[in-house]
Amino acid sequence: MAQSSSPAPSASAPADVASLSYEEARDELVTVVSELEQGASSLERSLALWERGEALARRCEEWLLGARERLEAARRQVPAE
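Residues numbered from 1 in each chain as written. Predicted model: local features only at pLDDT ≥ 70, side-chain atom pairs only at ≥ 80, totals over all residues. Heavy atoms only, no water.

1. Observations concerning the overall build of the protein
Going by this rule: Strands here mean DSSP runs of E at least two residues long; helices mean DSSP runs of H or I at least four residues long; both are numbered from the N terminus. Categorising residues by exposure relies on relative accessible area from a 1.4 Å probe, with only protein chains included: less than 20% of the type maximum marks a residue as buried, more than 50% marks it as exposed, and the intermediate range marks it as partly exposed. It only takes one pair of heavy atoms within 4.5 Å for two residues to be counted as in contact. Here the accessible surface of atoms and residues is derived via Shrake-Rupley with a 1.4 Å probe, and residues count as covered only by protein chains that are part of the display.
A tally of regular secondary structure across the protein gives three helices and zero strands. Listing each helix as α and each strand as β along the protein from the N terminus yields α-α-α. Taken across its 81 residues, the protein has 22% of its residues classed as buried. For the protein, the proportion of contacts with a sequence separation of at least 24, taken over those separated by at least 6, is 76%. When the accessible surface of the protein is split by element, carbon and sulfur atoms take 55% of a total near 6,000 Å².

Below, the structure is given as structure tokens:
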């Protein structure tokens, strides 16, 4: 059975976010949150960071849900002892 290497990107994620691996999205999200916590230079920058962070968080969630589905599928294939 062929497994997809990445989950299908959501329609709401920007194209560049949709192509990120889980680790890339997570690492960038950490950077975005850090910058927001430190106080961005302007309201416009804060809003842009917030929107980017939301997209990155959705991408991470897509990856995690995909991993959960794969684990559940694998568990169903293992015979009960």
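2. What about the pattern of salt bridges?
Under the convention used in this document: Salt bridges are defined as contacts in which a side-chain nitrogen from Lys or Arg sits within 4 Å of a carboxyl oxygen from Asp or Glu.
Across all of its chains, the model carries five salt bridges by this definition. For the salt bridge of R26 with D27, the shortest nitrogen-to-oxygen distance reads 3.0 Å. Here R26 falls in the partly exposed class, since its relative accessible area comes to 34%. E62 is paired through a salt bridge with R59; the nearest N and O atoms lie 3.0 Å apart. Of this pair, E62 and R59 both sit in helix α3 (residues 43–77), three residues apart, roughly one helical turn. On the accessibility criterion, E62 (14% relative accessible area) is buried. A single salt-bridge network, built from bridges that share partners, covers D16, E28 and R52.

The quantities given are spatial measurements derived from coordinates; they are silent on function.
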